[in-house]
Amino acid sequence: MGNSKKFKVLISRSDMPESGVDILKKQCELKVWDGPLPIPKADFIKSVQGVNGIYCCITDKIDKELLDAAGPELKVVATISVGYDHIDVGECKKRGIKIGYTPDVLTDATAELTLALLLCTSRRLPEAMHEARTGGWVSWAPTWMTGPGLADATVGIVGFGRIGQAVAKRVKSFNTSQLLYFNRSEKSEAKEIGATKVSFDELLTKSDFVICCAALAPETKEMFNRNAFKKMKNSAVFINTSRGGIVDQNALIEALQNGTIRAAGLDVTSPEPLPLDSPLFKLKNCVILPHIGSAAIQTRSNMSEMTANNILAGLNGTKMPAQLE
Ligand SMILES: O=C(O)[C@H](O)CO
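Here the structure is a predicted model, which means the values were calculated and not measured.

### Description of the side chain of R13
Moving on, step 1. If you trace the backbone, R13 turns up in the loop between β1 (7–11) and α1 (18–27).
Moving on, step 2. For the buried R13, which has no salt bridge, the nearest side chain bearing the opposite charge is D15, at an N-O separation of 4.5 Å.
Moving on, step 3. Separated by 2.7 Å, the side chains of R13 and T59 make a polar contact.
Moving on, step 4. Setting aside residues up to four positions removed in sequence, R13 forms contacts with V32, W33, G35, P36, L37, P38, C57 and T59.

### Observations regarding the nonpolar core
What tends to happen in soluble globular proteins is that the nonpolar side chains get buried as a cluster.
Moving on, step 1. Of all hydrophobic cores here, the largest spans 47 residues; its most connected members are L24, V155, I157, F160, V167, I211 and I311.
Moving on, step 2. Formed jointly, this core draws a minimum of three residues from each of two domains, domain 1 (8–104 + 297–324) and domain 2 (148–288).
Moving on, step 3. With sequence-adjacent residues up to four places away left out, F160 is seen in contact with Q165, A168, Y181, F182, N183, K187, A190, I193 and A195.
Moving on, step 4. V210, F238, L280 and C286 belong to the second largest nonpolar core, which has 30 residues in total.

### Things to note about the environment of Y181
Moving on, step 1. As for its placement among the helices and strands, Y181 is situated in strand β7 (residues 178–182).
Moving on, step 2. Classification of Y181 as buried rests on a relative accessible area of 0%.
Moving on, step 3. In this structure, the C-alpha to C-alpha distance between Y181 and G164, residues 17 residues apart in sequence, is 8.6 Å.
Moving on, step 4. Not counting residues up to four positions away in its chain, the partners in contact with Y181 are I157, F160, E186, K187, A190, A195, T196, K197, V198 and L203.
Moving on, step 5. A distance of 3.0 Å separates a polar atom in the side chain of Y181 from the backbone nitrogen of K187.

### Here we look at the UniProt feature "domain: D-isomer specific 2-hydroxyacid dehydrogenase catalytic" (unreviewed entry) in the protein chain
Moving on, step 1. UniProt records the feature "domain: D-isomer specific 2-hydroxyacid dehydrogenase catalytic" (unreviewed entry) at residues 11–322, using the numbering of this structure.
Moving on, step 2. Across residues 11–322, the secondary structure splits into 37% helix and 14% strand, with the terminal C-alpha atoms separated by 18 Å.

### Topic: the pattern of salt bridges
Moving on, step 1. Under the counting rule described, the total for this entry stands at 15 salt bridges.
Moving on, step 2. Residues R124 and E127 are paired through a salt bridge, measuring 3.0 Å at the closest nitrogen-oxygen approach.
Moving on, step 3. Overall, the relative accessible area of 26% leaves R124 in the partly exposed class.
Moving on, step 4. By relative accessible area, E127 is classed as buried at 16%.

### Examining the packing of α1 against helix α12 (residues 297–316)
Moving on, step 1. The contact between α1 and α12 brings their axes to 6 Å, and the two run at 25°. Taken as axis vectors, α1 and α12 run roughly parallel relative to one another. Note on packing geometry: the crossing formed by α1 with α12 is right-handed. Residue-level contacts link S19, G20, V21, I23, L24 and Q27 of α1 to S301, S304, E305, A308, N309, I311, L312 and N316 of α12.
Moving on, step 2. In terms of residue class, the contact of α1 with α12 is built from 6 nonpolar, 7 polar and 1 charged.

Definitions and limits used
- Residues numbered from 1 in each chain as written.
- Predicted model: local features only at pLDDT ≥ 70, side-chain atom pairs only at ≥ 80, totals over all residues.
- Heavy atoms only, no water.
- Helix = DSSP H or I, 4+ residues; strand = E, 2+ residues; numbered from the N terminus.
- Buried < 20%, exposed > 50% of the residue type's maximum accessible area, 1.4 Å probe, protein only.
- Lys, Arg positive; Asp, Glu negative; His and termini not counted.
- Salt bridge = Lys/Arg side-chain N within 4 Å of Asp/Glu carboxyl O.
- Polar contact = N/O pair within 3.5 Å; in protein donor to acceptor, adjacent residues only side chain to side chain.
- Contact = heavy atoms within 4.5 Å.
- Core = buried A, V, L, I, M, F, W, Y, C linked by side-chain atoms within 4.5 Å.
- Domains from an automatic or database assignment.
- UniProt positions renumbered as here; feature names shortened; annotations may be inferred.
- Axes fitted to C-alpha atoms, helices over the stretch in contact; angles between N-to-C directions.
- Parallel < 35°, antiparallel > 145°, perpendicular 65-115°, else oblique.
- Left-handed = near helix turned anticlockwise from the far one by under 90°.
- Nonpolar A, V, L, I, M, F, W, Y, C, P; charged D, E, K, R; others polar.

What follows is the structure, encoded as structure tokens:
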């Protein structure tokens, strides 16, 4: 393709991992939003006019207004994420705009982080570290800083796609007694993993650890509500590494304050970033991470390359590595 016919691609951040940006540079004229923070809506609308592709991330809302502003030249929207709840999929489809995303390449990293958060929360690591640094560690003590272990526990995973299954495989190595999962459809991989499909209610009532790996969709929005927390054991630990919108956060705060459940570990909240005055930050039984599930160096680089290759394939009319159907 000659220079005059280069594809125009908008990249919504200045700090997207280089490996993907380098791939795009060869065939595209790049417009890069100059800042490491989300592009303000008004600037996004201005910059998107006439582009053929958008390289975006989870903080960029791709809605009707933005697609209208982009106009008919826009052919591909590719997000550097496996989640796509920030994209109006219906509006893209109506206009024949292809959507690229990044499944698989972040599964291991996200599963790793889920396990890290689970252990951190159940064994109270942030609290223990704080005590060690601030003089609370006066002596070894038989019941001090105790929390539930995974051995012999029942673990329930909500959402048994790639990430849920990867979490299950890792959790099993801790000698858990039972693995349960809840998912819309039966998963053929479950048998080999040793996980049993149960109803959402059964999972809530039986699990010592409830791990949410489900995607955010209208059916999953706030599925962890007051009712759900009430069904869980008082000793249960709740972990969420998918999307904050799956949880009714006020109900979670109440459940943690009242001892309806023991503890929660969250990599995702509503909103993000979580305001510093959120009651969640005041709770000792809540561990909060700033949405870093896929933040492993090589993973982010692989995600960037996949995003770039999705854009190029979508624009060249070849098979995209991961197109949302
Ligand atoms: O959807 C995703 O990919 C994560 O939430 C960010 O990596």
